[in-house]
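Results of the structural survey
Residues per chain, in single letters:
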Amino acid sequence: MSKEKKKAKLPLVYKPVGFALGWASGALAGLAFRTAWKAIRHEDDAPDALDKDRGWGEVLLAAAVQGALFAVARSVADRTGAKAIERSTGVWPATTKDGRD
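What comes next concerns the included structure.

Rules used in this analysis
- Residues numbered from 1 in each chain as written.
- Predicted model: local features only at pLDDT ≥ 70, side-chain atom pairs only at ≥ 80, totals over all residues.
- Heavy atoms only, no water.
- Buried < 20%, exposed > 50% of the residue type's maximum accessible area, 1.4 Å probe, protein only.
- Core = buried A, V, L, I, M, F, W, Y, C linked by side-chain atoms within 4.5 Å.
- Helix = DSSP H or I, 4+ residues; strand = E, 2+ residues; numbered from the N terminus.
- Contact = heavy atoms within 4.5 Å.
- Phe/Tyr/Trp six-rings, centres within 6.5 Å; stacked < 30°, edge-to-face > 60°.
- Salt bridge = Lys/Arg side-chain N within 4 Å of Asp/Glu carboxyl O.

Here's the deal with unusual backbone geometry
Positive phi, normally seen in glycine, also occurs at His 42, with a value near 55 degrees. By relative accessible area, His 42 is classed as exposed at 71%.

Now the structure itself:
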């Protein structure tokens, strides 16, 4: 198989790997968020945007912490999966440098 054909099929092969890593990273990010929220606010439950008894500051702080942790976890999972695919096949799974679509 030529390198061009191999490269054309690789993103499709990477999809299930990326999905599994994304799912696992989401679960770990959720756990990290709950742990971080307990450390920051000493509360078991983080505020939700529709939580009437919480102020804007609490809701936005929770959203920012949660968003940052999920973005880091997703980037770690994407990068780890891409490096594993490259090590096993010799080809980087992304076809462009545009980032995630």
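Quick word on the nonpolar core
By size, the foremost hydrophobic cluster in this structure holds five residues: Phe 33, Ala 36, Trp 37, Ala 62 and Val 65. Put simply, the parts of the chain that give this core at least two residues each are α1 (3-41) and α2 (56-89). In terms of residue count, the dominant contributor to this core is α1 (three residues). Leave out the neighbours within four places in its chain, and Ala 62 touches Phe 33, Trp 37, Ala 46 and Pro 47.

Structural notes on the environment of Gly 18
Among the structural elements, Gly 18 can be located in helix α1. The class for Gly 18 is buried, based on a relative accessible area of 18%.

Considerations on the packing of aromatic side chains
For the structure on display, the rule yields one aromatic pair. The interplanar angle of 40 degrees and the centroid separation of 6.2 Å between the aromatic rings of Phe 33 and Trp 37 together place this pair among those described as tilted. Residue Phe 33 and its partner Trp 37 are both found in helix α1; the two are separated by four residues, about one turn of the helix. Across the pair, Trp 37 and Phe 33 agree in class, each one buried.

Looking at the pattern of salt bridges
Pairs can form between side chains of opposite charge once their charged atoms are near each other. For the structure shown, the criterion picks out six salt bridges. Ionic pairing is found between Arg 41 and Glu 58, a salt bridge with its closest N-O pair at 3.0 Å. With Arg 41 in helix α1 and Glu 58 in helix α2, this pair connects stretches of sequence that are 17 residues apart. Since its relative accessible area comes to 34%, Arg 41 is described here as partly exposed.

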